[in-house]
Amino acid sequence: MGEPGTLWRCRAKFRGFDGRARVIQRSASTRKAARQALDDALREAASQGQNALTSQDTFDTAVTTWLDDLAELVAMGERSPSTLDHYRHTWTKHVSPALGRLRLAQVTVPVVDRFVVGLHRKVGPATARTARAIVSGAMGRAVREGAVPANPAREVRRLSARPKHAPRALTDEERARWFLTLANDEAAVRHELPQLSAFMLATGVRIGEALALVWREVDLDAGTAHITSTIIRVKGRGLVRKPTKTQAGDRPLVLPVWCVRMLGERAAVGVGPDEPVFGTIDGTFRDPRNVTRWFAAARREAGLEWMTSHSWRKTTASVLDGSGLSARLIADQLGHSRVSMTQDVYLGRRLADPRVVQALEMVDPRLGRGREKSDERNGLTITGEVL
C-alpha cells in the first residue's frame with residue numbers, strides 16, 4: 001500500500017476509429033481504483049468512436065436505437081410496417097413508463113421478470129409477449145455493443161399463451177341466421193357484407209387479404225383466386241397494400257362453383273385488372289377498420305356478438321376438417337406455415353364426430369370370435385373376439 005496522500009496513476013495508448021493513437025490516463029488513491037478508472041475510460045472511448053451504447057445509457061435510448069434499426073428493415077421490405085407501429089405503441093404505452101428511465105445496467109432479470117409477469121396479469125398475454133420482444137430486441141443490441149454482459153429477457157419465466165376464448169366456428173344455424181340478417185340490413189347490403197362474408201367462408205382468408213384481392217388475381221374460367229397481399233393502415237401513410245406476412249400466405253386457392261358465380265356477377269358490371277374485388281364505389285381499397293365496424297353492427301343485429309372476422313377462418317377450417325381433409329391441406333388453405341397453428345387455434349374442436357364412434361365400435365371386447373353384431377344406429381356389421 002502507498003503512503004497517505006499517494007496518488008496511483010494508470011495510463012494506456014488507445015487507437016481510435018480515426019486511426020490516431022492517444023494516451024489515456026486516470027488517477028486514484030489506490031492501484032485497483034486507478035486501474036478500474038482506466039478500464040472505464042477505455043470502454044467509454046471505444047463506445048464514443050462507434051456511437052455504441054454504454055451501461056449508463058437509459059433503456060429508452062436502447063429501445064429508440066433498436067426501433068430505428070427496425071425502421072430500416074421496414075424500408076427494405078424485410079419487416080411489416082404494422083409490426084413497427086405495434087412495437088412503438090406498446091413501448092410508449094407500457095414499456096417506457098415502467099423501464100424507460102432505468103440505466104441499462106439496472107435492467108436485470110428480476111426487474112424484467114416482474115414487469116412482464118405483471119403486464120401478463122393486468123393487461124394480457126399478447127401485450128406481455130410484445131413487451132418482452134421489445135426488451136429482448138433492445139437489450140440484445142446492447143449486448144452486441146458491449147453495454148451489458150447478457151440479455152435479461154432470455155431468462156424471464158415462460159408464461160401461458162393460451163387464448164382467452166376457445167376457438168369457435170359458426171354452426172349451420174348461425175351461418176343461416178347471419179346471411180339472413182345481412183340480406184335484410186340495408187347498411188350491410190350497401191357495404192356488400194353478404195358477398196364479402198360469402199367469399200371469406202369459401203376461402204378462409206383474413207379480412208385484410210380479402211380486401212387486398214384485385215381482379216387480375218382472379219381467374220373465373222379456372223375458378224381460382226391467388227392471395228398475394230393484405231391491406232393494412234400505417235400511421236402517417238394511410239392504407240398500404242403489402243405482400244403477405246409469410247411465404248405460406250402467398251397461395252392460390254380453388255373456389256367453389258357458387259363463389260365463382262358470385263364473383264362473376266360482380267365482374268359483369270365492368271372492372272379493371274388492378275381494381276379491388278371488394279373495393280369502394282370509386283374502385284379504391286377499403287379500410288379493414290371500417291369493414292370491421294360494419295361487421296360489429298351486423299353481428300349485434302344477428303345476436304352473434306361473439307363473432308369476429310376470424311370466426312370465418314375457423315368456420316372454414318372446421319368445415320374442411322369435418323370433411324376429412326388433413327391438417328396440412330387445411331393449413332395450406334389458411335396460409336399457415338405451421339400445421340400446429342391450424343390445429344391449436346383454427347379448428348373448432350369439441351364436436352361429436354360419428355366417425356369416432358364407428359371406429360371404436362370395431363374394438364368392442366364383448367363380441368365373440370366369428371360372431372357378428374349389427375348396429376342399427378350406423379348400419380355397421382361388427383366382428384370381434386371375447387377376451
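Thresholds, definitions, all that
Residues numbered from 1 in each chain as written. Predicted model: local features only at pLDDT ≥ 70, side-chain atom pairs only at ≥ 80, totals over all residues. Heavy atoms only, no water. Helix = DSSP H or I, 4+ residues; strand = E, 2+ residues; numbered from the N terminus. Buried < 20%, exposed > 50% of the residue type's maximum accessible area, 1.4 Å probe, protein only. Contact = heavy atoms within 4.5 Å. Expected span 1.5 Å × (residues − 1). Phe/Tyr/Trp six-rings, centres within 6.5 Å; stacked < 30°, edge-to-face > 60°. Pairing = 2+ DSSP bridges. Polar contact = N/O pair within 3.5 Å; in protein donor to acceptor, adjacent residues only side chain to side chain.

## Side note on the side chain of His94
Okay, step 1: Residue placement: His94 occurs in helix H3 (residues 81-99).
Okay, step 2: Given a relative accessible area of 18%, His94 falls into the buried group.
Okay, step 3: If we ignore the near neighbours within four places in the chain, the residues touching His94 are Phe115, Leu119, Val123 and Thr127.

## Description of helix H12 (residues 310-322)
Okay, step 1: A rise of 1.5 Å per residue sets the reference length of H12, with its 13 residues, at 18 Å; its end C-alpha atoms lie 18 Å apart and thus fit the reference within 8%.
Okay, step 2: Listing the buried residues of H12 in full gives Ser311, Trp312, Arg313, Lys314, Thr315, Thr316, Ala317, Ser318 and Asp321.
Okay, step 3: One or two residues past the end of H12 sits Gly324, with phi positive at roughly 90°.

## Quick notes on the packing of aromatic side chains
Okay, step 1: Under the criterion given, the structure shown has five aromatic pairs.
Okay, step 2: Taking 5.9 Å as the distance between ring centres and 25° as the angle between the ring planes, the aromatic pair formed by Trp178 and Phe295 counts as stacked. Here Phe295 lies in helix H11 (residues 288-302) and Trp178 lies in helix H6 (residues 172-183), a separation of 117 residues in the sequence. Both residues of the pair, Trp178 and Phe295, belong to the buried class.
Okay, step 3: Taken together, the aromatic side chains of Trp178, Phe179, Phe295 and Trp312 make up a single cluster linked through ring pairs.

## Looking at the pairing of strand S4 (residues 224-227)
A regular strand carries its side chains on alternate faces of the sheet.
Okay, step 1: In S4, alternate side chains face the same way, and those of Ala225 and Ile227 are buried while those of Thr224 and His226 on the opposite face are not.
Okay, step 2: One ladder, built from four bridges, connects S4 with strand S7 (residues 251-254); its direction is antiparallel. Residue pairing for S7: His226 is matched across the bridge by Pro252.

## Quick look at the environment of Arg103
Okay, step 1: Examined against the element boundaries, Arg103 turns out to sit in the loop between H3 and helix H4 (109-122).
Okay, step 2: Residue Arg103 is classed as partly exposed on the basis of its relative accessible area of 38%.
Okay, step 3: Separated by 41 residues in sequence, Arg103 and Ala62 have C-alpha atoms that sit 9.7 Å apart.
Okay, step 4: Engagement of the side chain of Arg103 in a polar contact is seen with the backbone oxygen of Gln56, the distance being 2.7 Å.

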